[in-house]
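# Notes for the structure review
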Amino acid sequence: MSSFFQVAGGVLLSVILGLTLSKYGKDFSVVLILLVSCMVLAVMAAYLEPIIDFVGELLRLSELQNELLTPVLKATAIGIVAEIASLICTDSGNAALGKSIQLLAVAVILWLALPLLRSLLELMQRMLGNI
Amino acid sequence: MRRVLILLVIIHALLVPVSAMEFTAPEAPDEAQDLMPPQTETFGEGLWKVISAAIDKLQPQISKSGKTCIMLISVALLVSILQQIPTEKNGIVEFAGCIAVGVMLLDSAGSMIQAAVDTINSLSEYGKMFLPVMAGAQAAQGGLASSAALYTGTMVFDAILGKAVSVWMIPLVYMYLALSVAGCAMGEDLLKRIRDLIKWLITWCLKNGLYIFTGYLSITGVVSGATDAAKLKAAKLTISSAVPVVGGILSDASEAVLVGAGMMKNAAGIYGMLTIAAIWISPFLQIGIQYLMLKISGALCAMLDAKRVSSLIDSFSTAMGFLLGMTGIMCILLLISTVCFMKGVG
């Protein structure tokens, strides 16, 4: 929990630093934001580890097939990365690039969801086949 | 001597072979034999034994439903955890959750639907063997008009309900489930509306079917019961006044015969009612347990942030409710008819 406050403080400091650096050149500030975002993601990964273990336990309990969960986890990860990348692009004045990343993420997530859509179709066929 | 011989020949020619009429309910089918009590004289005691035996056999279903309940809560918890991650593409999490719940519940729902159809068919088959016995006993007791009306009515409703369930309502239940899965996975309102329409249609048909049947029974019971009672009274009066000297004795004897027929009819009725209960109770309790567990899971999942998953679980529990209604109505139809037959004339 203490590391959360440390990270929050660090992020606020980097914002101030970024504002100061932006006077000399916008590039420095963008690089700083990228670095800090990566650091925050690394800290987040440490916190996510026990949650992933818990999710594994839930998976064991619910006897879910991997085909159902893997696309969801991948889609969530892609969503997070796309969100951060898009925000960085927007902050650095490249909103169009940010939007492109968002669109790319949507396309990739839809591609990942294809097995799920097939499962839904199979489920419908099994149900309607009983009629 | 010749006259005596001629008299003996005439008497022999006029002899009609007679035997006591026997009204026994048909044997319980194999699947209900285990639940039947050894003594079926008292209905209350017999019914309690049938229920106790059915509850004893329920343990595997309780643990199976409990496991399903844990699995559903796990999926809902998983969905709600994954939804906490703040991205704008959370729809896929609920989508996958709904498919997972659909896959998990489809097999158990399928076996419950099959159990309900089998129970309805068994009840219908048993009714086809049992109700003629009761109708015959009722007719022997003097209730010709009421037994014919009751038998015809019950058979017609039994046939209509059996056909409606297998040809029409079971496919509707499957359609309801398919629409629920699709509607909850996609979050599409139109599909949910069609699903609600099917729900209304099934409920309306079941409710009104039972109303029409009980209404028919009340009307035929009052009209034909009163007619039979009047006919019986007239016959007794005719016997006692038309036959000199022994008319009163004959009338009393006919009363005793009617009482005997009534007792046989009641014994057959009690056995039949216990058999109907034995056929019905086991699948009804199994579906009931599944219904209850799904309701509990739905309520617990509603507390988590997985609304579409919770709504899908509720839809499955509603489908189980339909099955309970269908089997319940079929059983009630036969039980009400049997009670009406047992009630007697007048």
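Residues numbered from 1 in each chain as written. Chains lettered and ligands numbered in written order. Predicted model: local features only at pLDDT ≥ 70, side-chain atom pairs only at ≥ 80, totals over all residues. Heavy atoms only, no water.

This brings us to the overall build of chain A. Across its full length, chain A holds 5 helices and 0 strands. The secondary structure elements of chain A, listed N-terminal to C-terminal, are α-α-α-α-α. Looking at the 131 residues of chain A, the share that counts as buried comes to 27%. At a minimum sequence separation of 6, the contacts of chain A that also span at least 24 residues come to 60%. Surface exposure of chain A reaches about 8600 Å², of which carbon and sulfur atoms provide 72%. (Helix = DSSP H or I, 4+ residues; strand = E, 2+ residues; numbered from the N terminus. Buried < 20%, exposed > 50% of the residue type's maximum accessible area, 1.4 Å probe, protein only. Contact = heavy atoms within 4.5 Å. Areas by Shrake-Rupley, 256 points an atom, 1.4 Å probe, with all protein chains shown as cover.)

Next up on the list: the overall build of chain B. For chain B, the count of helices and strands is 9 helices and 0 strands. Mapped in sequence order, the helices and strands of chain B form the string α-α-α-α-α-α-α-α-α. The proportion of buried residues among the 346 residues of chain B is 48%. Of the contacts made within chain B by residues no fewer than 6 positions apart, 84% connect residues no fewer than 24 positions apart. Accessible surface for chain B amounts to roughly 16500 Å². Of this, 70% is attributable to carbon and sulfur atoms.

Let us now look at the nonpolar core. Grouped together as the largest cluster of nonpolar side chains are 107 residues, with contacts concentrated most on Phe316 and Met326 of chain B. Counting contributing residues, this core receives three or more from each of domain 1 (1-64) and domain 2 (66-131) of chain A. Here Met326 of chain B is in contact with Ile120, Val165, Met169, Ile170, Val173, Ile202 and Leu206 of chain B, once residues within four sequence places are set aside. (Core = buried A, V, L, I, M, F, W, Y, C linked by side-chain atoms within 4.5 Å. Domains from an automatic or database assignment.)

In this section: empty space enclosed by the protein. Over the atoms, a rolling probe the size of a water molecule traces out where space has been left empty. Inspection of every chain in the model, using the stated rule, returns 1 cavity of 30 Å³ or more. Of the volumes computed, that of the largest cavity is approximately 80 Å³. The wall of the largest cavity is formed by Leu64, Leu68, Leu69 and Val72 of chain A together with Val75, Leu78, Val79, Leu82, Val93, Ala96, Gly97 and Ala100 of chain B. Contributing elements (two or more residues each) for the lining of the largest cavity: α3 (66-91) of chain A together with α4 (59-83) and α5 (91-140) of chain B. Classifying every residue of the lining of the largest cavity gives 11 nonpolar, 1 polar and no charged. (1 Å grid on protein atoms, 1.4 Å probe; cavity = no way out; pocket = protein on both sides within 12 Å on 5 of 7 lines; lining within 4 Å. Points joined across faces, edges and corners; volume = space filled by probe spheres on them. Nonpolar A, V, L, I, M, F, W, Y, C, P; charged D, E, K, R; others polar.)

This brings us to the confidence of the model for chain B. Per-chain confidence: chain B averages 80 in pLDDT, with 80% of residues scoring 70 or above. Considering each helix and strand of chain B separately, the mean pLDDT is smallest for helix α2 (residues 30-33) of chain B, with a value of 74, and largest for helix α9 (residues 307-343) of chain B, with 88. (pLDDT = per-residue confidence, 0-100.)

Turning to the interface of chain B and chain A, a few remarks are in order. Tallying the contact residues gives 34 residues for chain B and 35 residues for chain A. Of the roughly 3100 Å² buried at the junction of chain B and chain A (both faces included), carbon and sulfur atoms supply 83%. The partner of Arg126 of chain A in a salt bridge is Asp107 of chain B, and the shortest N-O contact between them spans 2.8 Å. Where chain B packs against chain A, one counts 1 residue pair in polar contact (both at pLDDT 80 or more). (Buried area = accessible area lost by both parts, 1.4 Å probe. Salt bridge = Lys/Arg side-chain N within 4 Å of Asp/Glu carboxyl O. Polar contact = N/O pair within 3.5 Å; in protein donor to acceptor, adjacent residues only side chain to side chain.)

Residue and element names in this part refer to chain B. One pass over the full model with this rule turns up 5 salt bridges over all chains. The partner of Asp196 in a salt bridge is Arg195, with the nearest N and O atoms 3.5 Å apart. On the basis of relative accessible area, Arg195 is assigned to the buried category, the value being 10%.

So, on to the packing of aromatic side chains. All names here are of chain B. Under the counting rule described, the total for this entry stands at 7 aromatic pairs over all chains. Taking 5.7 Å as the distance between ring centres and 20° as the angle between the ring planes, the aromatic pair formed by Tyr126 and Phe130 counts as stacked. Taken together, the residues span about one helical turn, with Tyr126 and Phe130 both in helix α5 at a distance of 4 residues. Exposure class is identical for Tyr126 and Phe130. Each is buried. One aromatic cluster in this structure is built from Phe157, Phe213 and Tyr216. (Phe/Tyr/Trp six-rings, centres within 6.5 Å; stacked < 30°, edge-to-face > 60°.)

Looking at the element boundaries, Tyr271 of chain B is found in helix α8 (residues 247-303). Linking Tyr271 of chain B and Met36 of chain B, residues 235 residues apart in sequence, is a C-alpha distance of 9.2 Å.

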